[in-house]
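Breakdown of the fold
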Amino acid sequence: MKNLEIANIFSSIAQILEIKSDNLFRIRAYERAVEILQDLDNIEEYAAADKLTEIPGIGKDLESKIKEYLSTGRIGYYEDLKKEVPLGILELLKVPSVGPKTAKLFYDELNIKDVATLEKFALEGKLLGLEGVKEKTVENILRGIDIFKRGSERIDIATAWDIAARFVSELRALKEVKRVEVAGSLRRMKETVKDIDILVASNKPQKVMDVFCGCAEVKDVFAKGITKSSVLSKGGVQVDARVVKPDSFGAALLYFTGSKNHNVKIRTIAARRNLKVNEYGVFPVTRKKSQECLASKTEEDLYKILKMQYIAPELREDTGEVEAALKNKLPKLIELKDIKGDLHAHSNYSDGKNTIREIVDAARKKGYEYIAISDHSQSLKVARGLSIADLKIKKKEIDSVNKRLKGFRVLFGTEVEIDSAGNIDYDDEILKEFDFVIAAIHSGFKQSKEQLSRRIIKACRNKNVDIIAHPTGRLWGARDSYELNFEEVFKAAKDTNTILEINSFPNRLDLGDSLIRLARQNGARFIINTDSHAVAHLDFMKFGVAMARRGWLTKQDVVNTLSLKDILKARK
DNA sequence: GCCGTTTTCGGCCCGACTGTTTTCAGTCG
């Protein structure tokens, strides 16, 4: 993806500028652009329409650099910078506790250009004696190298919530603790997270920090202060905790939830009104020493005093939510309780673990009105796709289950293959028998962007295909999204009345947040499915809903908020 | 390098912890 390529270059530029001690605000401008670009899958479409500078954070200069990359595949300014500071040094910055100043020191004094050399020198004691480096510093660097070597890959939100829950439950059990909440990117429900942030309200911070650093899940303690500590969990994830007084919990939660850019925007707007926002509250900017706190107890109080709507954590990415909140124009986001059913669950007819009955029982316990048992189709042999004969048996079972149910309906679904030419692997005669047909690509990913787009568009045009499952095919940690002409595909979905799936499975989350927004702008409709292969997976619905919220979707944008009667009408 | 309900120039969010220092710089979020 071009946006990621450019983001990586801008990120390197920011780091090189840091090492060169360049203007901090210029560095921040590049860093901000990196975050913006990471979420901008259709950068080429912006460039083609000459709309790059309409993106907040992209000005004339960055526009020209983006255009330069798109047309030539390189950025001259970056090529020049690389001559001044060898790229290897940037690797040193990935070691926790080594920042630009330290990296420059090691390079200037000892010509260290990679982590392996840094480790060697640290072990041999050759770092000692450099300005500001003593034994403790070396110790921290070696520990940082350990973390670096273990890899810095991001973890999926389901795993992260699991680890977070273990810390939270130990902390909640303390009588000194008034409140505990997960904050940071995990609270914002980012698709993946790098670390876990936990906020605690207590008047006895020391005690809380002692317990936090001694949690069963802790493997190593990086930093332990009176109100702030940082540990490595046994699962290899960094967990940060901060303790604040109960009175400032709202202010701290806002600050600790981020995103950084959201906080900066909030604080900038506050400053224009002569208000200061920090993790303790909102304060008037005066010369007086004693400052009265205007708001601090809840996040709602803070947003209110700043004269804007409350902003849900999932929206706090500085992608327009602050401006919308100031104008009272935030959408009413979809909630988990709006979901009335799940149309993508696999039974043991194909590669699922559970029987239809077991799945139905679990779905009913969730308060759903319907569930579609959507097993794989005949050509996906690895997943025991169903033959025509299998379908007849399965249909019979569903009919008999439905006869015994009241107020709940099992739908006859399928997840069919879109082959390399865009055809579906059951005939129309068979397809029309299903209540819902979900189409997906599970093979032949290596085609060009145009070919893949054509395949999906052709599937959309099939009158029997109701839903496109996991539209980009990405699997976190295993496979990148395939490239598509997104606007074209989304427009085709709209024109053919095909529903786009938001797949809730934690290693998919596909569509992801930024593509959901793009698809909505193109008029598409959505369904949030779990792609369950076991009844426990039905719980993943909350992650799909979170993606929908991050994509600014309302209940009206999502078809499985409809009653059984209405969702059946939502088909083609 | 970006940006404008004070502004097209002169600002740009704010604080905790650590290790090395005797008052602070570097790192991190």
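1. With respect to the overall build of chain A
- Of regular secondary structure, chain A possesses 24 helices and 16 strands.
- Against the globule reference of 25 Å for 572 residues, chain A gives a C-alpha radius of gyration of 26 Å, in line with a compact fold.
- With respect to the principal axes defined by its C-alpha atoms, chain A has extents near 80 × 60 × 50 Å.
- Each of the 572 residues in chain A was classed as buried or not, and the buried ones make up 52%.
- Pairs at least 24 residues apart make up 67% of the contacts formed inside chain A by residues separated by at least 6 positions.
- Per element, the accessible surface of chain A, about 26500 Å² overall, is 49% carbon and sulfur.
- Counting 98 positive and 85 negative side-chain charges, chain A places the centres of these two groups 5 Å from one another.

2. Digging into the pairing of strand E16 (residues 525-529)
- In terms of burial, E16 is a largely internal element, four of the five residues being buried.
- Where strand E15 (residues 499-503) lies against E16, five bridges are found, and the strand directions are parallel. Within E16, the position partnered with Ile 502 by the bridge is Ile 528.
- For the handedness criterion, the β-α-β arrangement of E15, helix H22 (residues 513-521) and E16 is classed as right-handed.

3. Considerations on the sheet that holds strand E2 (residues 177-183)
- If you walk across this open sheet you meet the five strands as E2-E4-E7-E6-E5, and the pairing is mixed. At either margin of the open sheet sits one strand with a lone partner, and together these are E2 and strand E5 (218-224). Adjacent strand axes in the sheet meet at a mean angle of 25 degrees when their direction is disregarded.
- Two strands pair when backbone bridges link them, and strand E4 (residues 195-202) and strand E7 (residues 238-244) are joined in this way by seven bridges, in the parallel orientation. When the sheet's bridge partners are listed, Ile 198 is paired in E7 with Ala 241.
- Packing of helix H13 (residues 249-257) onto the sheet brings it into contact with E2, E4 and E7, and relative to E4 it is tilted by some 175 degrees.

4. A closer look at the packing of helix H20 (residues 449-461) against helix H21 (residues 486-495)
- At a minimum axis distance of 9 Å, the contact between H20 and H21 shows a crossing angle of 5 degrees. When the axes of H20 and H21 are compared, the pair comes out roughly parallel. Across from Ser 453, Ile 456, Ile 457 and Cys 460 in H20, the residues of H21 making contact are Glu 488, Val 489, Ala 492 and Ala 493.
- Per-class residue counts for the contact of H20 with H21 are six nonpolar, one polar and one charged.

5. Focus: the packing of aromatic side chains
- Evaluated as defined, the whole model comprises eleven aromatic pairs.
- Between Tyr 30 and Tyr 77, the aromatic rings sit 6.5 Å apart at their centres with planes inclined by 20 degrees, giving stacked as the arrangement. Remark: Tyr 77 occurs in helix H5 (residues 76-84) and Tyr 30 occurs in helix H2 (residues 24-38); sequence separation between them is 47 residues.
- For Tyr 30, a relative accessible area of 4% translates into the label buried.
- By relative accessible area, Tyr 77 is classed as partly exposed at 29%.
- Here the aromatic rings of Phe 412 and Phe 434 are separated by 4.6 Å at their centres, their planes lie at 35 degrees, and the arrangement is tilted. Pair noted here: Phe 412 is in strand E12 (residues 409-417) and Phe 434 is in the loop between helix H19 (428-431) and strand E13 (436-440), with a separation of 22 residues, a long-range link.

6. Some remarks on the domain arrangement of chain A
- Here the domain parsing of chain A yields domain 1 (2-153), domain 2 (155-244), domain 3 (249-326) and domain 4 (336-569).
- Inter-centroid distance (C-alpha atoms) of domain 1 to domain 3 is 30 Å.

7. Considering the sheet that holds strand E14 (residues 467-468)
- Spatial ordering of the open sheet is given by E10-E11-E12-E13-E14-E15-E16, a layout of seven strands whose pairing is parallel. Two strands in the sheet have a free side with no partner beyond their single neighbour: strand E10 (341-345) and E16.
- Relative to E12, helix H18 (residues 388-403) is tilted by about 155 degrees, and along the sheet it contacts strand E11 (370-376) and E12.
- Packing against the sheet, helix H23 (residues 541-550) makes contact with E10, E15 and E16, and its axis sits at approximately 155 degrees to E16.

8. A short note on the pattern of salt bridges
- Applying the stated criterion across every chain yields a total of 39 salt bridges.
- Glu 84 is the salt-bridge partner of Lys 20, the closest N and O atoms lying 2.7 Å from each other. Within this pair, whereas Lys 20 is found in the loop between helix H1 (2-19) and H2, its partner Glu 84 is found in helix H5, the two being separated by 64 residues in sequence.
- When its relative accessible area of 32% is taken as the criterion, Lys 20 is described as partly exposed.
- Classification of Glu 84 as partly exposed rests on a relative accessible area of 47%.
- Residue Asp 61 pairs with Lys 65 through a salt bridge whose shortest N-O separation is 2.5 Å. Here Lys 65 and Asp 61 lie together in helix H4 (residues 60-72), a separation of four residues that amounts to about one turn.

9. Some points on the protein's contact with DNA strand B
- Close to DNA strand B lie 46 residues, the nearest being Arg 28, Gly 57, Gly 59, Thr 102 and Arg 267.
- Taking the atoms of DNA strand B that fall within 4 Å of the protein, sugar and phosphate contribute 75% of them.
- Gly 57 has a polar backbone atom sitting 2.6 Å from a phosphate oxygen of DNA strand B.
- When contributions to the surface near DNA strand B are tallied by element, the ones reaching two or more residues are H2, H4, helix H7 (100-110), helix H9 (135-149), E5, E7, helix H14 (260-272) and strand E8 (275-278).
- For the surface near DNA strand B, the class distribution of residues is 14 nonpolar, 14 polar and 18 charged.

10. Regarding the packing of H1 against H5
- One can describe the packing of H1 onto H5 by two numbers: an axis separation of 10 Å at closest approach and a directional angle of 40 degrees. When the interaxial angle is binned, H1 and H5 end up oblique. Relative to H5, H1 is oriented so that their crossing is left-handed. Here Ile 9, Ser 12, Ile 13, Ile 16 and Leu 17 of H1 come into contact with H5, specifically with Tyr 77, Tyr 78 and Leu 81.
- Broken down by class, the residue content of the contact of H1 with H5 amounts to seven nonpolar, one polar and no charged.

The rules we used
- Per chain, residues are indexed from 1 in the order of the written sequence.
- Lettering of chains starts at A and numbering of ligands starts at 1, both following the order in which they are written.
- pLDDT decides what is reported in this predicted model: residues at 70 or higher carry local features, side-chain atom pairs at 80 or more are listed and counted, and totals for whole chains, interfaces and linings draw on all residues regardless.
- For the side-chain quantities, the full set of heavy atoms in the structure was used; hydrogens and water were omitted.
- Secondary structure follows DSSP: runs of H or I at least 4 residues long count as helices, runs of E at least 2 residues long count as strands, and numbering of each begins at the N terminus.
- C-alpha atoms define the radius of gyration in this analysis, and the globule rule sets the expected value at 2.2 Å times the number of residues to the power 0.38.
- Type-normalised accessible area, obtained with a 1.4 Å probe on protein chains alone, sets the label of each residue: buried when under 20%, exposed when over 50%, and partly exposed for intermediate values.
- Residue contacts are defined here by distance: any two heavy atoms, one from each residue, within 4.5 Å place the two residues in contact.
- A 1.4 Å probe and the Shrake-Rupley method give the accessible areas. Residues count as covered only by the protein chains that appear here.
- His is not counted here, nor are the chain ends, while Lys and Arg score as positive and Asp and Glu score as negative.
- A charge is said to be at NZ when it belongs to Lys, at CZ for Arg, at CG for Asp and at CD for Glu.
- Two strands are said to pair when DSSP picks up at least two bridges between them.
- Here, the term right-handed applies to a crossover whose path from the first strand over the helix to the second runs clockwise when the strands point away from the viewer.
- With axes taken as lines fitted to C-alpha atoms, and helix axes fitted only over the stretch in contact, angles between N-to-C directions fall between 0 and 180 degrees.
- An angle counts as roughly parallel when it lies under 35 degrees, as roughly antiparallel when it exceeds 145, as roughly perpendicular when it falls between 65 and 115, and as oblique in every other case.
- Think of it as three bins: nonpolar holds Ala, Val, Leu, Ile, Met, Phe, Trp, Tyr, Cys and Pro, charged holds Asp, Glu, Lys and Arg, and polar takes everything else, Gly as well.
- Stacked, tilted and edge-to-face are the three classes assigned to paired rings of Phe, Tyr and Trp, where Trp is represented by its six-membered ring and a pair needs centres within 6.5 Å; plane angles under 30 degrees give stacked, over 60 edge-to-face, the rest tilted.
- What counts as a domain boundary in this text is fixed by an automatic or database domain assignment.
- Should a side-chain nitrogen of Lys or Arg be within 4 Å of a carboxyl oxygen of Asp or Glu, the pair is scored as a salt bridge.
- We call a residue near a molecule or strand when any one of its heavy atoms sits within 4 Å of it.
- Any pair of N or O atoms that falls within 3.5 Å is considered a polar contact. Within protein, one atom must be able to donate a hydrogen and the other to accept it, and sequence-neighbouring residues count only if both atoms are side-chain atoms.
- Crossing handedness is defined as follows: a turn of the near helix away from the far one that is anticlockwise and smaller than a right angle gives a left-handed crossing, while the clockwise case is right-handed.

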